[in-house]
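Residues per chain, in single letters:
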Amino acid sequence: MWSALLIVVALIGGSIATVVAYLHVRMYQRAAAFRKLNPDIRMHTSWYFGYLILRIMFKDIVKALGGRWHAHWEVDTIYERFLDTTDDVFALVTPFTTEVHVANADIIRQIALSQVTEFPKPARLYTVLEIFGPNILTLEFDEWKRHRRVAGPQFSERLNAQVVVAATKTMKQVFVNWGDEVEITLEHTLYEITMNVLGEAAFGVPFDQSTQEVLEGFTTSFQQCVRFVMANIVSIIAIPQWVQNLPLESTRKYRVAVDEFKRHLERLIKSPIDGNAPNGALLRSLVNSVSEEQDPQKRLTNEELISSAFIFLVAGHETTANTLLFALGMMAIYPEYQDMLLQETRKVLKDDEAPTYKHYSKLHFAHAIVNETLRLFPIVPFVGKHAGRGESGTETMQVLNGKYYIPSNGTNQDPNFEDTIIWLNINALQHNPKYWGDDVNQFRPERFYSPDAEDDQNTARVAETGAKVHKYAFAPFNVGPRACIGRKFALVEMAVILTLLNREYTWKPAPSMGAGLEGEDAAMRGCRTELNKPLFLNAMKPQNPINLVFTRRKDGPTAAAKEL
């Protein structure tokens, strides 16, 4: 019996050793091939996990295996991997991929200004988002252009004006519910706020509790269905459809929710004209523009409209809520910025005047706070690219910065070059002291404050010298033609919500944030620690709840407030 058990153990051990040996051989073969092309590049190797996103999501497993990659995922150490490079580029080679990591603004500029055929995105990494079919986020080349041509004009100034109206209406109700003082868990509250704004401005559907009617043939209201899908989006994406179809309530509920979500959107698409819907509603504008277009090359099908609506929800809901969460958290740690924002608000808005879209362009410090938050906590920390084949379709190599040779994807050349990915490391780029100065890890909205600038300009300056920061060193919404189509929508929403909230309340970390710590500033230190180690799954967010206490204002800024 024992001899049989030893044989089994030996076989299992031998199999594992064989697999590990094979992985090491493949890794070093790939590394040698890439080194031959790029003898001067800084190179690291890792035999476990093939993709950057997997290593981040399973970083604790990597650490348990003794790995050093991403052992530090804190904000103030995110640039460390680039410290031993000469120009903020290094390669990470695994048995399955070769990843070229970039935190160099000149290279990001090169890619942003290049033809899309030279540096397309690795589309197959985005197919998980095709729950309802291809969409503007997952497509490339001519199909992407068609979707962009249809959707782009709908993100208009009229829609942005509707965002201000929806945000103001939502925050007015929030203030009624909160009263004079309240402790809030930010994640849940901000998700509700941004869902309300997105529902009204983008879908023409109010999301307050009084309007959640369950229609005949449905088991949930549209609002309930959207909330469930958004709250469980990672599970819906990760669990295969055949598993969701099994007669298990724990998984089948996701399939039911997705099916009902689709039917709700089909109903909205077929009946876009609603007297109560705001004129600027995104879905209504999109449907109307499609129905008026006769050329099939310039319109979307109903299936494509549904997939687009879904991706706008995914891209515009949690990401905005998380950015606001980090902004409020940082302003709780540095309350002087609450006072500075109040000064601006009282100059722009009279007494209790409700903001309109014309006020938005004057909210310069609110916009600076949003930008600095996006710098420290970018919505999407990494953007993937492939080396493409160029306009001719025959190019086998793309060259970065005149010195790094990246094999084109899918050219059937050396198999060691398969799955070579360029990762634009937006997080490291925006923490690069070469561009931002020695105080790069500090929260300093003043970097972006310029009272004479247009709201959509990058006006960042290095704090110590006043020198203007490289235009492409700030890219929280991506850059170039593939930059986020809803960028202005999100910026307007965040600036207005921050302005209104700050006019009504002051806030500070809740006592619970200091649990296990000693000293009068325990809550402040605990809050800072939690904000400094965000987790990246489908968006950047804190690993643990952030609780703040909001107290209604009774007077103006404190005497210690900085002057704008």
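Just so we're clear, the structure is a prediction, and the values are computed from it rather than from any experiment.

**Some points on the overall build of the protein**
In step 1: Along its length, the protein carries 21 helices and 12 strands.
In step 2: Counting only residues that meet the buried cut, the protein has 54% of its 564 residues in that class.
In step 3: In the protein, 72% of the contacts between residues at least 6 apart in sequence involve partners at least 24 apart.

**Let's talk about the pattern of salt bridges**
When the charged atoms of two side chains lie near each other, side chains of opposite charge can form a pair.
In step 1: Scanning the model with the defined rule gives 20 salt bridges in all.
In step 2: Between Lys 403 and Asp 87 there is a salt bridge, and its shortest N-O distance comes to 3.3 Å. Of this pair, Lys 403 sits in the loop between strand S6 (397-400) and strand S7 (404-407) while Asp 87 sits in the loop between helix H3 (59-64) and strand S2 (89-93); the two residues are 316 residues apart in sequence, bridging distant segments of the chain.
In step 3: Overall, the relative accessible area of 36% leaves Lys 403 in the partly exposed class.
In step 4: Asp 87 gets classed as buried once you look at its relative accessible area, which sits at 11%.
In step 5: Of the charged contacts, one joins Lys 434 and Asp 88 as a salt bridge, the two residues approaching to 3.2 Å between their closest N and O atoms. Of the two residues, Lys 434 sits in helix H19 (residues 433-436) while Asp 88 sits in the loop between H3 and S2, which places them 346 residues apart along the sequence.
In step 6: By relative accessible area, which is 2% here, Asp 88 ends up buried.

**Some details on the side chain of Thr 323**
In step 1: Following the sequence through the fold, Thr 323 ends up in helix H14 (residues 318-333).
In step 2: With a relative accessible area of 4%, Thr 323 lands in the buried category.
In step 3: Once residues lying within four places of it in the same chain are set aside, the contact partners of Thr 323 are Thr 373, Leu 374, Ile 379 and Met 494.

**What about the pairing of strand S8 (residues 420-425)?**
In step 1: Judged by how many residues are buried, S8 sits mostly within the fold: 6 of 6 residues are covered.
In step 2: Alternating positions in S8 separate into two faces, Thr 420, Ile 422 and Leu 424 on one and Ile 421, Trp 423 and Asn 425 on the other, with burial throughout.
In step 3: As paired elements, strand S3 (residues 98-102) and S8 share 5 bridges and run parallel to each other. Along S8, the bridge assignment pairs Thr 98 with Thr 420.
In step 4: Bridge count for strand S5 (residues 382-385) against S8 is 4 bridges, and the pairing is antiparallel. Counted as the bridge partner of Lys 385 is Ile 422 from S8.

**Examining helix H21 (residues 522-531)**
In step 1: Among the residues of H21, Ala 522, Ala 523, Gly 526, Cys 527, Glu 530 and Leu 531 are the ones counted as buried. Seen along its axis, H21 keeps its buried residues to an arc of 160°; they face one direction.

**Structural notes on unusual backbone geometry**
In step 1: With a phi angle near 60°, Asp 88 is a residue other than glycine that sits in the positive phi range.
In step 2: Phi is positive for Asn 478, which is not a glycine, with a value near 70°.
In step 3: Along the chain, Asn 478 falls in the loop between H19 and helix H20 (487-504).

**Observations regarding the packing of H14 against H21**
In step 1: In the contact formed by H14 and H21, the axes pass within 10 Å of each other and the chain directions differ by 150°. Viewed along their axes, H14 and H21 form a crossing whose handedness is left-handed. Residues Leu 325, Phe 326, Gly 329, Met 330, Ala 332 and Ile 333 of H14 pack against Met 524, Cys 527, Arg 528 and Leu 531 of H21.
In step 2: In terms of residue class, the contact of H14 with H21 is made up of 8 nonpolar, 1 polar and 1 charged.

**Observations regarding the packing of aromatic side chains**
In step 1: Considering all chains together, one arrives at 23 aromatic pairs under this definition.
In step 2: Through a chain of ring-to-ring contacts, the aromatic side chains of Phe 175, Trp 178, Tyr 505, Trp 507 and Phe 550 assemble into a single cluster.
In step 3: In this structure, Arg 263 packs its charged tip against the face of Phe 218, placed 4.4 Å from the ring centre.

**Details of the confidence of the model for the protein**
In step 1: Summing up the model confidence of the protein, the mean pLDDT is 82 and the portion of residues at 70 or higher is 85%.
In step 2: With pLDDT under 50 throughout, residues 49-73 is counted as low confidence; its partners more than four residues away or in other chains account for 63 contacts.
In step 3: Every residue in residues 273-278 is under pLDDT 50, and counting partners more than four places away or in other chains gives 9 contacts.

**Overview of the sheet that holds S3**
In step 1: Strand order in the open sheet formed by 5 strands is S1-S2-S3-S8-S5, with mixed pairing between adjacent strands. The two strands at the open ends of the sheet, each matched to only one other strand, are strand S1 (42-45) and S5. Taking each pair of neighbouring strands and ignoring which way they run, the sheet shows an average axis angle of 25°.
In step 2: Packing against the sheet, helix H1 (residues 2-37) makes contact with S1, S2, S3 and S8, and its axis sits at approximately 170° to S1.

**Thoughts on the environment of Lys 471**
In step 1: Within the fold, Lys 471 resides in the loop between H19 and H20.
In step 2: Expressed as a C-alpha distance, the spacing of Lys 471 and Tyr 435, which sit 36 residues apart in the sequence, is 9.8 Å.

**A few points about a positive patch on the surface**
In step 1: Together, Arg 109, Arg 461, Lys 468 and Lys 471 make up a region of like positive charge exposed at the surface.
In step 2: Tracing the chain through its elements places Arg 461 in the loop between H19 and H20.
In step 3: Residue classification places Arg 461 among the partly exposed residues on the basis of a relative accessible area of 42%.

Criteria and cut-off values
Residues numbered from 1 in each chain as written. Predicted model: local features only at pLDDT ≥ 70, side-chain atom pairs only at ≥ 80, totals over all residues. Heavy atoms only, no water. Helix = DSSP H or I, 4+ residues; strand = E, 2+ residues; numbered from the N terminus. Buried < 20%, exposed > 50% of the residue type's maximum accessible area, 1.4 Å probe, protein only. Contact = heavy atoms within 4.5 Å. Salt bridge = Lys/Arg side-chain N within 4 Å of Asp/Glu carboxyl O. Pairing = 2+ DSSP bridges. Arc of directions from axis to C-beta. Axes fitted to C-alpha atoms, helices over the stretch in contact; angles between N-to-C directions. Left-handed = near helix turned anticlockwise from the far one by under 90°. Nonpolar A, V, L, I, M, F, W, Y, C, P; charged D, E, K, R; others polar. Phe/Tyr/Trp six-rings, centres within 6.5 Å; stacked < 30°, edge-to-face > 60°. Lys NZ or Arg CZ within 6 Å of the ring centre and 35° of its normal. pLDDT = per-residue confidence, 0-100. Patch = residues over 30% accessible without salt bridge, like charges linked within 9 Å, V, L, I, M, F, W, Y side chains within 5 Å. Areas by Shrake-Rupley, 256 points an atom, 1.4 Å probe, with all protein chains shown as cover. Lys, Arg positive; Asp, Glu negative; His and termini not counted. Charge placed at Lys NZ, Arg CZ, Asp CG, Glu CD.

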